[in-house]
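Close look at the chain arrangement
If you want the building blocks of each chain, they are given just below.
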Amino acid sequence: MKRLQHIALLALLGWVGVSCQDKAKPNYEFFPNMYRSVGYETYAESDAFNGENQIKGQTAQLPVEGTVKRGYEPYDIPNTPEGYALAKATLKSPLDSISEKDAKKGAELYGIYCAICHGEKGDGQGNLVKREKFLGVPSYADRPITEGSIFHVVTYGLNSMGSHASQLSQQERWLVSKYVLELKSKL
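Residues numbered from 1 in each chain as written. Predicted model: local features only at pLDDT ≥ 70, side-chain atom pairs only at ≥ 80, totals over all residues. Heavy atoms only, no water.

1. Quick look at the overall build of the protein chain
Defined as follows: Numbering of helices and strands starts at the N terminus; helices are DSSP runs of H or I of at least 4 residues and strands are runs of E of at least 2. With a 1.4 Å probe rolled over the protein chains alone, any residue whose accessible area is under 20% of its type maximum counts as buried; one over 50% counts as exposed, and the rest are partly exposed.
For the protein chain, the count of helices and strands is eight helices and zero strands. Secondary structure elements of the protein chain occur, N-terminal to C-terminal, as α-α-α-α-α-α-α-α. Across the 187 residues in the protein chain, those meeting the buried criterion constitute 24%.

Put into structure tokens, the structure is as follows:
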């Protein structure tokens, strides 16, 4: 008899639980936009870039002011002759010691980005200089350079040499600077 009462009680609780549900009004949802997202058409106009977000033909939203890209370390020395002199005098490599693998990486990066103008030996006789596409590329032996001045020039460029900051990370620029000093010592 008790077993029958328990079964009846469970059936009654189940019926009460199901009868209170209204399919037209679902239960409270957290983040309803995740369940029923707005359907945007591909290439359709959007209000995301209109009004206050539209700045001089801008097609993307700006990051929050003061944010810094992950892994990015700001380089605060300006691109001026005074900045070059400051970098030459004070800037030191943050790479305390480099492994043989890093030295090979620096040599490889130099071969890719620098040797075409500066030459494999750093003598200013690269392939473009030999073909007279660029003239006046100096030999490293003729210049009083430091690792700070090399890093600064690779970052900003100098004279007809452009900046390589978009192609090389800061660590890679320091590796190239170390390799250039190694070439200078061999000349």
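Further notes follow.
2. Some words on the packing of helix 3 (residues 81-90) against helix 7 (residues 147-156)
Going by this rule: Note on method: axes are straight lines fitted to C-alpha atoms, helices fitted across the in-contact stretch only, with angles between N-to-C directions ranging 0 to 180 degrees. Convention used here: angles under 35 degrees read as roughly parallel, angles over 145 as roughly antiparallel, angles from 65 to 115 as roughly perpendicular, and any remaining angle as oblique. Helix crossings get a hand from a simple test, with the near helix turned counterclockwise from the far one by less than a right angle marking a left-handed crossing and a clockwise turn marking a right-handed one. The contact criterion used is simple: two residues touch if any of their non-hydrogen atoms lie within 4.5 Å. Any residue outside Ala, Val, Leu, Ile, Met, Phe, Trp, Tyr, Cys, Pro, Asp, Glu, Lys and Arg is labelled polar, Gly included; the first ten of those are nonpolar and the last four are charged.
Direction vectors running N to C along helix 3 and helix 7 enclose 140°, while the axes themselves pass 6 Å from each other. Between helix 3 and helix 7, the crossing angle belongs to the class labelled oblique. For helix 3 against helix 7, the interelement crossing comes out right-handed. Contacts between helix 3 and helix 7 pair Gly83, Tyr84, Ala87 and Lys88 from the former with Gly148, Ser149, His152 and Val153 from the latter. Tallied by class, the residues present in the contact of helix 3 with helix 7 amount to three nonpolar, four polar and one charged.

3. A look at the nonpolar core
Threshold: Residues belong to one nonpolar core when they are buried, are Ala, Val, Leu, Ile, Met, Phe, Trp, Tyr or Cys, and are joined through side-chain atoms within 4.5 Å.
Tyr110, Tyr140, Val176 and Val180 are the most contacted members of the largest nonpolar core, which has 13 residues in total. When residues of this core are traced back to their parent elements, those giving at least two are helix 4 (100-113), helix 7 and helix 8 (170-186). Setting aside anything within four residues of it in sequence, one finds Val180 in contact with Tyr110, Tyr140, Ile145 and Ile150. Formed by eight residues, the second largest nonpolar core is a distinct cluster that contains Tyr75, Ala87, Trp174 and Leu175.

4. A few points about the environment of Pro74
In this fold, Pro74 is placed in the loop between helix 2 (32-35) and helix 3. Note: C-alpha distance between Pro74 and Gln170 (96 residues apart in sequence) is 9.7 Å.

5. Notes on the packing of aromatic side chains
Heads up, the rule is: The pairing test for Phe, Tyr and Trp rings, Trp by its six-membered ring, is centres within 6.5 Å, and the orientation test on the planes gives stacked under 30 degrees, edge-to-face over 60, and tilted for anything in between.
Under the counting rule described, the total for this entry stands at five aromatic pairs. Ring geometry for Tyr75 and Tyr156: centres 5.7 Å apart, planes at 40°, overall tilted. Note that Tyr75 is positioned in the loop between helix 2 and helix 3 and Tyr156 in helix 7, a separation of 81 residues in sequence. In this structure Tyr156 comes out as partly exposed when scored by relative accessible area, which is 27%. Measuring from ring centre to ring centre gives 4.1 Å for Phe151 and Trp174, while their planes differ by 10°; the resulting arrangement is stacked. Taken together, the positions of Phe151 in helix 7 and Trp174 in helix 8 put the pair 23 residues apart, joining distant regions of the chain. Classification of Phe151 as buried rests on a relative accessible area of 2%. Members of the aromatic cluster, connected to one another through ring pairs, are Tyr75, Phe151, Tyr156 and Trp174.

6. Examining unusual backbone geometry
With a phi close to 60°, Glu132 is a non-glycine residue in the positive phi region. By relative accessible area, Glu132 is classed as exposed at 61%. For Asn159, which is not glycine, the phi dihedral falls at a positive 55°. Mapped onto the elements of the fold, Asn159 is located in the loop between helix 7 and helix 8. Judged by relative accessible area, Asn159 falls into the exposed class, the value being 77%.

7. Brief notes about helix 8
Think of an α-helix as 3.6 residues a turn; residues three or four steps apart then line up on the same face. We apply this condition: The span expected for a helix works out to 1.5 Å for each residue beyond the first.
Here helix 8 is 17 residues long and its end C-alpha atoms lie 25 Å apart, about the 24 Å a rise of 1.5 Å per residue gives. Contacts made by the buried residues of helix 8 are with helix 4 and helix 7.

Read these as geometric descriptors, not functional statements.
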